[in-house]
Amino acid sequence: MISKNIQELKAAFEAELKLVDLNASTEIDAIRVKYLGKKGLVTGLLKQMGTLSDADRPLFGKKVNDLKTFVTSEIERALSVAKEAALNQKLESGFIDYTLPADGIGAGSTHPLYDVREEIIDFFAQMGFEVDFGRDIETDWYNFEALNTPPDHPSRDMQDTFYVADKVMLRTHTSGTQIHYMETHQPPFRMIAPGHVFRVDNDATHAPMFQQCEGLIVDENISFAQLKGVLQVFMNKLFGPHVKTRFRPSFFPFTEPSAEMDVSCVFCDGSGCRRCKGTGWMEIGGCGSVDPNVFKNCGIDPEKYTGFAFGFGLDRIAMLKHAIPEIGLLTGNDQRFLSQF
Ligand code: DAH
């Protein structure tokens, strides 16, 4: 009895579809609703399932589902025939205006972080620096130990570092690339190491992933004065001829002496504003003379060679260049933000 119902419904559907004008997709759609809609006939059969005995239900269920699949595919077929017929009709009868403008093809633009990275690489390449991109995953040796970072240093903490395995981590800074480089090169050399770094950090000015660029020069008689000179010219390249730099004493385990470099506020030219918190200066990065222990760890003679190193954040530079208020905008992929560049 029940399977007779199903057969009858199938026959009725086929008959109805045969009669429909295959050019009229609205009519086909009406049939779809009649059979497959929420209150449709096939849907109605499915609702009857609950009234059946346990013995009858599986077979009935299978038959109704087969019917549903059949009806769905027949309707799809009819719709595609209708669509093609409509197109052919338009092409035969209609006039196509080839002079109408096409839909615009939007050209992409380069990402502000990419631009900053390219600018930095160009600048240092012209000064004879080699570029080493390093690797995103480092061992404790490269990220900390060889950089003279003591075992109890807070940056090693799980709260600050993303560990991948025991003593293996997403690098927290690009400084480890210095070590790889010094292990495989003998001075004199100069190199930069741009790349992504990762920290357990997230607010308006800190992101869990951001980009840094490291720099390193090693030769005989390299002095702090040369470091200051290179960074001053670099800041002028990035922010214009008027910016000044200053170096404040600081501490990093891998440099001695160490300094923090500030640039005169790029928004107020040093007179003091909201963005520089009235100080007239903005922090750019760290630097210093390479610690002799780091040289020893890499097999370079600290009696013969000296060097300087520096590291700064690319995101921060992009934010200063374009007055971007939040670091998250740089990686958020929001078209409204990106299309401004
Ligand atoms: N690695 C430091 C950081 O992530 C930045 C840095 C400071 C790099 C001093 C250096 C340096 O090469 O000499 O905060």
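Procedures and definitions
- Position numbers for residues count from 1 along each chain, tracking the sequence in the order it is written.
- For a predicted model such as this one, the threshold for reporting local features is a pLDDT of at least 70, and the threshold for listing and counting side-chain atom pairs is 80 or more; totals across whole chains, interfaces and linings nevertheless cover every residue.
- Based on all heavy atoms of the structure, the side-chain values leave hydrogens and waters out of the count.
- Two strands are said to pair when DSSP picks up at least two bridges between them.
- Put simply, DSSP marks the helices as runs of H or I at least four residues long and the strands as runs of E at least two long, and each gets a number from the N terminus on.
- In this description, a line fitted to the C-alpha atoms serves as the axis of each element, helices being fitted only across the stretch in contact, and the angle between N-to-C directions of two axes falls anywhere from 0 to 180 degrees.
- Patch members must show over 30% relative accessible area and no salt bridge, and they are joined within 9 Å when carrying like charges or within 5 Å when they are nonpolar side chains of Val, Leu, Ile, Met, Phe, Trp or Tyr.
- All accessible areas in this document rest on Shrake-Rupley with a 1.4 Å probe, and a residue is counted as covered only by the protein chains that are shown.
- For this analysis, a salt bridge means a side-chain nitrogen from Lys or Arg found within 4 Å of a carboxyl oxygen belonging to Asp or Glu.
- The rule is simple: take the accessible area with a 1.4 Å probe, protein chains only, and divide by the maximum for that residue type; under 20% is buried, over 50% is exposed, in between is partly exposed.
- Whether a residue is near a molecule or strand is decided by its heavy atoms; if any one of them lies within 4 Å of it, the residue is near.
- What qualifies as a polar contact is a pair of N or O atoms within 3.5 Å, subject to a donor-acceptor requirement within protein and to the restriction that residues adjacent in sequence count only when both atoms come from side chains.
- Classification convention: Asp, Glu, Lys, Arg as charged; Ala, Val, Leu, Ile, Met, Phe, Trp, Tyr, Cys, Pro as nonpolar; all other residues, Gly among them, as polar.
- Comment on the angle field: the value is read as roughly parallel under 35 degrees, roughly antiparallel over 145, roughly perpendicular from 65 to 115, and oblique elsewhere.
- Handedness of each helix crossing follows the sense of rotation of the near helix against the far helix: counterclockwise by less than a right angle gives left-handed, clockwise gives right-handed.
- Residues are treated as being in contact if the distance between any of their heavy atoms lies within 4.5 Å.
- Note on terminology: a nonpolar core comprises buried Ala, Val, Leu, Ile, Met, Phe, Trp, Tyr and Cys residues joined through side-chain atoms within 4.5 Å.
- When the centres of two rings from Phe, Tyr and Trp lie within 6.5 Å, Trp using its six-membered ring, the rings pair. Their planes under 30 degrees apart give stacked, over 60 give edge-to-face, and anything left gives tilted.

### What to know about the sheet that holds strand 4 (residues 168–170)
So, point 1. The strand order across the open sheet built from 3 strands is 2-4-3, with neighbouring strands paired in antiparallel fashion. Sheet topology places strand 2 (137–139) and strand 3 (163–165) at the edges, where each strand pairs with a single neighbour. Across the sheet, the mean angle from the axis of one strand to that of its neighbour is 35 degrees, orientation sign disregarded.
So, point 2. Sheet topology note: the strand 2/strand 4 ladder contains 3 bridges and is antiparallel. In the sheet register, Ile-137 faces strand 4, and the bridge partner there is Leu-170.

### Details of a nonpolar patch on the surface
So, point 1. Together, Leu-87, Leu-91, Ile-96 and Tyr-98 make up an exposed nonpolar region whose accessible area comes to about 470 Å².
So, point 2. When you line up the elements, Tyr-98 lands in the loop between helix 4 (57–93) and helix 5 (112–126).
So, point 3. A residue is classified by how much of its surface remains accessible, and Tyr-98, at 74% relative accessible area, is exposed.

### A word on the site of the ligand
So, point 1. As a structural note, the neighbourhood of the ligand is formed by 15 residues, with His-173, Ser-175, Arg-199, Gln-212 and Glu-214 the closest of them.
So, point 2. Here an oxygen atom of the ligand sits 2.7 Å away from a polar atom, N or O, in the side chain of Arg-199.
So, point 3. Within the backbone of Ala-309, an N or O atom sits 3.2 Å from an oxygen atom of the ligand.
So, point 4. Relative to its unbound accessible area of 360 Å², the ligand is 89% covered by the protein chains.
So, point 5. Listing elements by their share of the shell around the ligand, those giving two or more residues are strand 6 (209–219), strand 9 (281–290) and strand 10 (306–313).
So, point 6. Residue classes in the shell around the ligand are distributed as 5 nonpolar, 8 polar and 2 charged.

### Describing the packing of helix 5 against helix 8 (residues 224–239)
So, point 1. Axis separation between helix 5 and helix 8 bottoms out at 11 Å; the angle between their running directions is 135 degrees. Of the possible angle classes, the one that applies to helix 5 and helix 8 is oblique. The two elements helix 5 and helix 8 meet at a crossing, and its hand is right-handed. Each of Glu-119, Ile-120, Phe-123 and Phe-124 in helix 5 lies in contact with helix 8, whose residues at this interface are Val-230, Val-233, Phe-234, Lys-237 and Leu-238.
So, point 2. Taken together, the residues of the contact of helix 5 with helix 8 sort by class into 7 nonpolar, no polar and 2 charged.

### What to know about the environment of Asp-301
So, point 1. Position of Asp-301 relative to the elements: it lies in the loop between helix 9 (292–297) and strand 10.
So, point 2. Along the primary structure Asp-301 and Asp-219 are separated by 82 residues, whereas in three dimensions their C-alpha atoms are 11 Å apart.
So, point 3. Within the local environment of Asp-301, its side chain forms a polar contact with the backbone nitrogen of Glu-303, the two atoms lying 2.9 Å apart.

### Overview of the pattern of salt bridges
So, point 1. As enumerated under the stated definition, the model contains 13 salt bridges in all.
So, point 2. The partner of Lys-237 in a salt bridge is Glu-119, with the nearest N and O atoms 3.3 Å apart. In this pair, Lys-237 sits in helix 8 while Glu-119 sits in helix 5, placing the two residues 118 residues apart along the sequence.
So, point 3. Where Arg-246 meets Asp-262, a salt bridge forms, and the shortest distance between an N and an O atom there is 2.9 Å. With Arg-246 in strand 7 (residues 245–252) and Asp-262 in strand 8 (residues 255–264), this residue pair connects regions lying 16 residues apart in the sequence.
So, point 4. Here Arg-246 falls in the partly exposed class, since its relative accessible area comes to 32%.
So, point 5. In this structure, a network of salt bridges that share partners links the residues Arg-246, Arg-248, Asp-262 and Glu-283.

### Some details on the nonpolar core
So, point 1. Counting 44 residues, the largest nonpolar core has Ile-120, Phe-124, Phe-234, Met-235, Phe-239 and Phe-312 as its most contacted members.
So, point 2. Considering every element that reaches this core, the biggest residue donor is helix 8, with 7 residues.
So, point 3. Core analysis: the next-biggest nonpolar cluster, separate from the first, contains 20 residues, Met-191, Leu-216, Val-294 and Ile-300 among them.

### Section: the packing of aromatic side chains
So, point 1. Under the counting rule described, the total for this entry stands at 13 aromatic pairs.
So, point 2. Ring geometry for Phe-13 against Tyr-35: centres 5.1 Å apart, planes inclined by 75 degrees, an arrangement best described as edge-to-face. A residue pair is termed long-range when its members are at least 10 positions apart, and Phe-13 in helix 1 (residues 2–19) and Tyr-35 in helix 2 (residues 25–36) qualify at 22 residues.
So, point 3. Tyr-35 sits in the buried class, given a relative accessible area of 1%.

### Let's talk about the side chain of Thr-245
So, point 1. You can see Thr-245 is positioned in strand 7.
So, point 2. A distance of 2.5 Å separates the side chain of Thr-245 from the side chain of Gln-232, its partner in a polar contact.
So, point 3. Sequence-distant contacts of Thr-245, defined by excluding residues within four places in its chain, comprise Gln-232, Met-235, Met-261, Asp-262, Val-263 and Trp-281.

### Section: helix 7 (residues 176–184)
So, point 1. Summarising burial for helix 7: 7 of the 9 residues are buried, a large majority.
So, point 2. Looking only at helix 7, the buried set comprises Gly-176, Thr-177, Gln-178, Ile-179, His-180, Tyr-181 and Met-182.

### Some points on the environment of Gln-232
So, point 1. Summarising the element assignment, Gln-232 is placed in helix 8.
So, point 2. A residue is classified by how much of its surface remains accessible, and Gln-232, at 22% relative accessible area, is partly exposed.
So, point 3. The spacing of Gln-232 and Arg-246 is 14 residues in sequence and 9.0 Å in space, taken between C-alpha atoms.
So, point 4. Sequence-distant contacts of Gln-232, defined by excluding residues within four places in its chain, comprise Val-243, Lys-244 and Thr-245.

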